[in-house]
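Structural characterization, general
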2 protein chains.
Amino acid sequence: MSDAGTSTDQFTVGLIQMTCTRQVSSNLDKATALIERAAEQGAQVICLQELFASHYFCQSEDASQFDLAEPVPGPITTRYAALARRLGVVLVVPVFERRGSGLYHNTVVLLDADGTLLGRYRKTHIPDDPLYYEKFYFTPGDLGYPVFDTRFARVGPLICWDQWFPEAARLSALAGAELLVYPSAIGWHPDERSTEGDTQHDAWRTMQRGHAIANGVFVAAVNRVGHEGPADEGLDFWGQSFVCDPAGCVLATGSAETDDIVIAVCDRTHIERQRRGWPFLRDRRIDSYEGLSSRWLDAPRTDQ
Amino acid sequence: MSDAGTSTDQFTVGLIQMTCTRQVSSNLDKATALIERAAEQGAQVICLQELFASHYFCQSEDASQFDLAEPVPGPITTRYAALARRLGVVLVVPVFERRGSGLYHNTVVLLDADGTLLGRYRKTHIPDDPLYYEKFYFTPGDLGYPVFDTRFARVGPLICWDQWFPEAARLSALAGAELLVYPSAIGWHPDERSTEGDTQHDAWRTMQRGHAIANGVFVAAVNRVGHEGPADEGLDFWGQSFVCDPAGCVLATGSAETDDIVIAVCDRTHIERQRRGWPFLRDRRIDSYEGLSSRWLDAPRTDQ
């Protein structure tokens, strides 16, 4: 595989969404098979969903689940680095990272198309909600918002809950990301699905499309699919992974019910064209943004 | 009019979108009539579109147009303060503000329901684009992102181009705004309407709905309508003013073609409910946002 990809105007994204079991080995094997199929379909930057190696264990607080964590580099990065090299594709691979005893992160690693481990991103914004007890498991990330020059594109990885924070998307874009990718595990509580389901799903898509528009970048969300947990409880993951362009138009969407591979061709000239037409980066008022580092602006503010 | 509005859970927003002529007096009269009708329909916080008193003069760079500017307080604020007092409604009134000779702003004033001038906001982010030559006319605002405790709601006024900047929405929300309102004058170049029109309009709505979701606030956009300029050139303003709730759901939308009054009842308990369900403000990583005050993060950043 030559470096031809970096000199062209296009790169092809492949998103792997899948159901998972409690058997790590079968999840890893399934991901491998789907990555191979995505590569056959022309995908160059292939992204897996959040915590793809396991079931979504954060539905309860159970210290024995820390057994699922592993170091970076470690078995998962070694295995998928070899796969990236063999297929000549970039892989965006989530890992439940064991940094030390009692110190764990929700992490994603970037593997270049020659198998090089380019680096990692640790989930910055950690949710905590019934059935999403992530603050129990994951120390908030401390690596900022790195971007990675892969063979095919400059990728800004973010993870799930990060997607609700315009700050994270902006910082990745300011670091030069062409593609923001959000490995995710978002779903409905079964008892909310009928009442809140459509609104929540639409909000999720709207936010991420908004990041694309505000920043003039491609955005990809890779979301877990299928039900996990007791039949009448647990979570219904939405699937519906998607890629949108810098105008916020959705290029491709995955199934709401089953494993799927979402492929989208991204033309990086669209980034330049979009930002010339709507030059928001020209006009940011950086002299006025200091308050964004505040928790709350307590005093009522007027100009009087 | 008692203060009953402040002790209830609801406030009613009224948006006035209208075509304008080059006759300031007729625009002012029309706005007055539409405000009266909106108040009859129950509106309590009534917002006018950007630069409602005149045609959208920024289609060319013409220094004589500075004659349209006036001080704050001045004739427009005096007139509409009296109207606010008479009707017992809050008015959000755009003014082309003359601050001094050679110093002009694109401003909005907040008039409380007793006619008090609560303060002003000056457009922070100034566009410049063919037919939108705003950098010629308007000095960028220097008042930050004030919010105003009106009789019926705490209002965070922003103006048009500000809507593309998540930073502005966030800062207003952190200052406690319950309602962000964007007086606007956005339209199509006639030669873009068929090719780009739907995408641009959808992006505009998506961004503002995103601000509502990210911040758990109500958002209102009040947009000019109708064609201004030569028949085969000029601008087709979109109208389609709308209000959305803190989940990003659109509550009401105005006409794409004609004068309209958009009324929406906003239940402020929805803000609390939304933020309890999706507690983004709890989880902002303010320790990691310093880069937002940078123009660009030049060095490729990785964790290696």
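Please refer to the structure placed before this passage.
Note that this is a predicted model, so its numbers are computed, not measured.

1. Focus: the relation of the copies chain A and chain B
Superposing chain A onto chain B takes a rotation of 180 degrees plus a shift of 0.0 Å along the axis, which leaves an RMSD of 0.0 Å. Both chain copies can therefore be described as sitting about a two-fold axis. Mapped onto chain B, 100% of the interface residues of chain A again fall at the interface, so both copies present the same surface.

2. So, the pattern of salt bridges
Under the definition given, this model contains 42 salt bridges over all chains. Across the salt bridge formed by Glu167 of chain B and Arg284 of chain A, the nearest N and O atoms sit 3.0 Å from each other. Linking Glu167 of chain B in helix α5 (residues 166–174) with Arg284 of chain A in the segment after α7 (280–283), this pair reaches from one chain into another. Judged by its relative accessible area of 2%, Arg284 of chain A is buried. Among the salt bridges present, the one from Arg282 of chain B reaches Asp283 of chain B, with a minimum N-O distance of 2.9 Å. Residue Arg282 of chain B is classed as partly exposed on the basis of its relative accessible area, which comes to 40%. Under the relative-accessibility criterion, Asp283 of chain B is labelled buried at 6%. Overlapping salt bridges, with partners in common, bring together Glu97, Arg99, Arg120, Arg122 and Asp142 of chain A in one network.

3. Looking at the side chain of Ser184 of chain A
All names here are of chain A. By the secondary structure assignment, Ser184 is in strand β8 (residues 179–184). A polar atom in the side chain of Ser184 sits 3.0 Å from the backbone oxygen of Tyr182. When residues no more than four places from it in sequence are discounted, the contact partners of Ser184 are Gln49, Glu50, Cys160, Val222, Asn223 and Arg224.

4. Side note on the sheet that holds strand β10 (residues 218–223) of chain A
All names here are of chain A. One open sheet holds the six strands; their spatial order is β6-β7-β8-β10-β13-β14, and the pairing between them is mixed. Edge positions in the sheet fall to β6 (148–149) and β14 (250–253), since each of these pairs with one other strand and no more. Bridge count between strand β13 (residues 242–244) and β14: three bridges; the pairing is antiparallel. Each residue of the ladder has a partner; that of Phe242, found in β14, is Thr253. Packed on one face of the sheet, helix α5 (residues 193–215) meets β8, β10, β13 and β14 and runs near 35 degrees to β13.

5. What to know about the nonpolar core
The nonpolar side chains of soluble globular proteins are, as a tendency, buried together. Ranked by size, the top nonpolar core spans 128 residues in total, and within it Trp164 of chain A together with Trp164 of chain B carry the most contacts. Once residues lying within four places of it in the same chain are set aside, the contact partners of Trp164 of chain B are Arg170, Ile213, Ala214, Trp278 and Phe280 of chain A together with Ile186, Ala203, Trp204 and Met207 of chain B.

6. Focus on the packing of helix α4 (residues 166–174) of chain A against α5 of chain A
All names here are of chain A. Two elements in contact, α4 and α5, have axes separated by 10 Å at closest approach and are oriented at 35 degrees. For α4 against α5, the interelement crossing comes out right-handed. Counted together, Pro166, Ala169, Arg170 and Ala173 of α4 and Met207, His211, Ala214 and Asn215 of α5 form the full contact between these two elements. When grouped by side-chain class, the residues that make up the contact of α4 with α5 number five nonpolar, two polar and one charged.

7. Examining the packing of aromatic side chains
Counted according to the given criterion, the structure contains 48 aromatic pairs over all chains. When the centroid spacing of 5.5 Å and the interplanar angle of 85 degrees are considered together, the rings of Trp204 of chain A and Phe242 of chain A count as edge-to-face. Placement of Trp204 of chain A in helix α5 and of Phe242 of chain A in strand β13 is noted, with a sequence separation of 38 residues between them. Between Phe280 of chain A and Trp164 of chain B, the ring centres sit 5.0 Å apart and the planes meet at 15 degrees, which makes this aromatic pair stacked. With Phe280 of chain A in helix α7 and Trp164 of chain B in the loop between β7 (154–157) and α5, this pair bridges two chains. Trp164 of chain B shares its class with Phe280 of chain A; the two are buried. Sitting above the plane of the Phe242 of chain B ring, Arg205 of chain B keeps its charged end 5.9 Å from the centroid. Taking the ring centre of Phe237 of chain B as reference, the NZ or CZ of Arg224 of chain B above it sits at 5.6 Å.

8. Quick word on helix α2 (residues 75–87) of chain A
Residues and elements named next belong to chain A. Taking 1.5 Å of rise per residue, the 13 residues of α2 would be expected to cover 18 Å, and the 18 Å separating its terminal C-alpha atoms lies within 8% of that figure. Every buried residue of α2 is listed here: Ile76, Thr77, Tyr80, Ala81, Leu83 and Ala84. Within α2, the buried residues cover an arc of 165 degrees as seen down the axis, which keeps them to one side. Across α2 from its buried face, at more than 90 degrees, point the exposed residues Pro75, Thr78 and Arg86.

Each value, and the rule that gives it
- Residues numbered from 1 in each chain as written.
- Chains lettered and ligands numbered in written order.
- Predicted model: local features only at pLDDT ≥ 70, side-chain atom pairs only at ≥ 80, totals over all residues.
- Heavy atoms only, no water.
- Least-squares fit on C-alpha atoms with pLDDT ≥ 70 in both.
- Contact = heavy atoms within 4.5 Å.
- Salt bridge = Lys/Arg side-chain N within 4 Å of Asp/Glu carboxyl O.
- Helix = DSSP H or I, 4+ residues; strand = E, 2+ residues; numbered from the N terminus.
- Buried < 20%, exposed > 50% of the residue type's maximum accessible area, 1.4 Å probe, protein only.
- Polar contact = N/O pair within 3.5 Å; in protein donor to acceptor, adjacent residues only side chain to side chain.
- Pairing = 2+ DSSP bridges.
- Axes fitted to C-alpha atoms, helices over the stretch in contact; angles between N-to-C directions.
- Core = buried A, V, L, I, M, F, W, Y, C linked by side-chain atoms within 4.5 Å.
- Left-handed = near helix turned anticlockwise from the far one by under 90°.
- Nonpolar A, V, L, I, M, F, W, Y, C, P; charged D, E, K, R; others polar.
- Phe/Tyr/Trp six-rings, centres within 6.5 Å; stacked < 30°, edge-to-face > 60°.
- Lys NZ or Arg CZ within 6 Å of the ring centre and 35° of its normal.
- Expected span 1.5 Å × (residues − 1).
- Arc of directions from axis to C-beta.

In short, geometric facts, not functional conclusions.
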